[in-house]
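Examination of the molecular architecture
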Amino acid sequence: MNGFNRKVLTLDEFTIQGLRDFPQATGELSGLLRDMGLAAKRVNVEVNKAGLVDILGNANKINVQGEDVMKLDEFANKQFMGALQHGISCAGIGSEELDDFVAFDDEVSMNSKYVCLFDPLDGSGNIDVNVSIGTIFSVFRRVSPKGTPVILEDFIQKGRRQVAAGYIVYGSSTMLVYATRRGVNGFTLDPSIGEFCLSHPQLQCPDDGRIYSVNHGHFFRYDEKVRDYINICQNKNAANGGPYTQRYIGSMVSDVHRNLIKGGIFMYPGTSDRPGGKLRLMYESNPFAFIVEVAGGIATDGVQPILDIQPTELHQRTPMFIGSRKMMEELESIIGSTK
Ligand code: AHG
Ligand code: MN
Ligand code: MN
């Protein structure tokens, strides 16, 4: 043995191998994932330095180009947008950080078939306190003809039409998880070689779980049925499938990632002051709904599957309930009756 582990499959090798099953595939989607992986590595380096911002930032409020030091979510936005713009697979992007979508106007990009929507840094309130944050992305096939600039309709498609979706969690290790209709696979960044390596092949969300994740601070602003369900979670014991544990990080990426692996339910319901909830359909809810459904779980807004919502605008919000199939069925049996 020369120490080289042949069992290690990198993200690039994995997507290229997948192409063998589809002789008609152009490799554009693999290219897009590679671009996302590249940008993620750049963001990862900066996220890891986040604690230094005070000492570096103070000395350096203006960088060498005379620009203000960028906030991490703007930096991440720039990296993902730049990587996709310079690749060959993406005709335009929508980002939580930008008011409008961006149509790439160079010849190569305009001839690409995909558009990508992303939340460049999710959980940004956690950056300052060294808690895991993430990136979320969603890929659609454009509906406008190739060779022309993309239009709003390319982006505001039902989640059901996603071709792929994924997330990166910058945690105790950095992971990229992505789903196509063929399955969900997780790759862990090996920092020593700078490659995402397949570590969680064919992820399945456990059918049942014991973790519930919700912001209890909003409890009295949730509707009565949601409160009933939370009470049920709190009253679980050995006789009825419990006890449950409450876990809420406040970074959706980390919360849903944990529940996807361990089994659980994550909720961001509407509140009396914000009936539409907080999470953004196109950048947060759709991609996670796609990933979790492919993994065997369920995602709804309390009325219908997230993936069936017809979006009307890029930045619209939706209540969200997502997780293990059995827990979601119990939730639906409680909250379904009012809808
Ligand atoms: P973002 O940082 O992209 O604005 O998103 C944060 C989101 C989500 O990640 C998390 O689950 C939720 O906000 C937490 O909100 P609350 O603090 O209201 O619970
Ligand atoms: Mn977010
Ligand atoms: Mn964000």
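Each remark here, short or long, concerns the structure printed above.
Below is a short write-up of the structure. (Residues numbered from 1 in each chain as written. Chains lettered and ligands numbered in written order. Predicted model: local features only at pLDDT ≥ 70, side-chain atom pairs only at ≥ 80, totals over all residues. Heavy atoms only, no water.)

Some words on the sheet that holds strand 11 (residues 265-268)
- Pairing in this open sheet of 5 strands is mixed, and the strands run 10-9-11-13-12 from one edge to the other. The two strands at the open ends of the sheet, each matched to only one other strand, are strand 10 (245-246) and strand 12 (298-300).
- As paired strands, strand 11 and strand 13 (residues 320-323) are joined by 4 bridges and run antiparallel to one another. By the bridge assignment for strand 13, Ile265 is matched with Gly323.
- Those strands touched by helix 7 (residues 224-234) are strand 9 (211-213), strand 11 and strand 13, and its axis lies near 145° from that of strand 9.
- In the packing of helix 10 (residues 325-335) onto the sheet, contacts are made with strand 9, strand 11, strand 12 and strand 13, and the angle to strand 12 comes to roughly 30°. (Pairing = 2+ DSSP bridges. Helix = DSSP H or I, 4+ residues; strand = E, 2+ residues; numbered from the N terminus. Contact = heavy atoms within 4.5 Å. Axes fitted to C-alpha atoms, helices over the stretch in contact; angles between N-to-C directions.)

So, the coordination of the manganese ion (ligand 3)
- Note on the manganese ion (ligand 3): its protein donors are Glu96 (OE), Asp119 (OD) and Leu121 (O). The metal-donor distances range over 2.2 to 2.3 Å.
- Mapping the donors of the manganese ion (ligand 3) onto the primary sequence gives the spacing E-x22-D-x1-L.
- In this structure, the manganese ion (ligand 3) lies 3.7 Å from the manganese ion (ligand 2), and both are coordinated by Asp119. Of the two residues, Glu96 sits in the loop between strand 1 (90-95) and strand 2 (102-103) while Asp119 sits in strand 3 (residues 114-122), which places them 23 residues apart along the sequence. Each member of the pair, Glu96 as well as Asp119, carries the same accessibility label: buried. (Donors = N, O, S within 2.8 Å, 3.2 Å for Na, K, Ca; no water. Buried < 20%, exposed > 50% of the residue type's maximum accessible area, 1.4 Å probe, protein only.)

Some remarks on the pairing of strand 1
- Taken across its 6 residues, strand 1 has 6 buried, putting it largely inside the fold.
- Bridging between strand 1 and strand 3 involves 5 bridges; their strand directions are parallel. From the neighbouring strand, Gly92 faces strand 3, where its bridge partner is Val115.
- As consecutive antiparallel partners, strand 1 and strand 2 are separated by 6 residues.

Digging into the coordination of the manganese ion (ligand 2)
- Looking at the manganese ion (ligand 2), the protein donor atoms are Asp119 (OD), Asp122 (OD) and Glu284 (OE), and they sit 1.8 to 2.2 Å from it.
- Between the donor residues of the manganese ion (ligand 2), the gaps in sequence give the motif D-x2-D-x161-E.
- You can call Asp119 buried: its relative accessible area is 1%.
- Of the residues examined, Glu284 reaches a relative accessible area of 2% and is grouped as buried.

Remarks on a nonpolar patch on the surface
- A contiguous nonpolar patch, built from Val129, Val131 and Ile249 and spanning about 210 Å² of accessible area, is present on the exposed surface.
- Residue position: Val129 is located in the loop between strand 3 and strand 4 (133-141).
- The exposed category is assigned to Val129, whose relative accessible area is 53%. (Patch = residues over 30% accessible without salt bridge, like charges linked within 9 Å, V, L, I, M, F, W, Y side chains within 5 Å. Areas by Shrake-Rupley, 256 points an atom, 1.4 Å probe, with all protein chains shown as cover. Salt bridge = Lys/Arg side-chain N within 4 Å of Asp/Glu carboxyl O.)

Looking at helix 1 (residues 11-19)
- Taken as a whole, helix 1 has its buried residues at Leu11, Thr15 and Gly18. Across the axial projection of helix 1, the buried residues extend over an arc of 55°, all falling on one side. (Arc of directions from axis to C-beta.)

Observations concerning the site of ligand 1
- Ligand 1 sits among 18 residues. The nearest are Asp122, Gly123, Asn215, Tyr248 and Tyr268.
- One of the side-chain N or O atoms of Lys278 is found 2.9 Å from an oxygen atom in ligand 1.
- Here an oxygen atom of ligand 1 sits 3.4 Å away from a polar atom, N or O, in the side chain of Glu284.
- About the coverage of ligand 1: the protein hides 84% of its 480 Å² of free accessible area.
- Those elements giving two or more residues to the shell around ligand 1 turn out to be strand 3 and strand 11.
- Looking at which element gives the most residues to the shell around ligand 1, the answer is strand 3, with 3 residues.
- Here the shell around ligand 1 is built from residues that sort into 6 nonpolar, 6 polar and 6 charged.
- The residue makeup of the shell around ligand 1 includes at least three contributed by each of domain 1 (8-200) and domain 2 (211-335). (Near = heavy atom within 4 Å. Polar contact = N/O pair within 3.5 Å; in protein donor to acceptor, adjacent residues only side chain to side chain. Nonpolar A, V, L, I, M, F, W, Y, C, P; charged D, E, K, R; others polar. Domains from an automatic or database assignment.)

A few points about the pattern of salt bridges
- The final tally for this structure, using the stated rule, is 11 salt bridges.
- Arg325 is the partner of Asp207 in a salt bridge, and the nearest nitrogen-oxygen pair spans 2.6 Å. Residue Asp207 is located in the loop between strand 8 (195-200) and strand 9, and its partner Arg325 is located in helix 10; the two are separated by 118 residues in the primary sequence.
- The exposure class assigned to Asp207 is partly exposed, which follows from its relative accessible area of 33%.
- For Arg325, a relative accessible area of 28% gives the class partly exposed.
- A cluster of three or more residues bridged by salt bridges with shared partners is formed by Glu96, Arg280 and Glu284.

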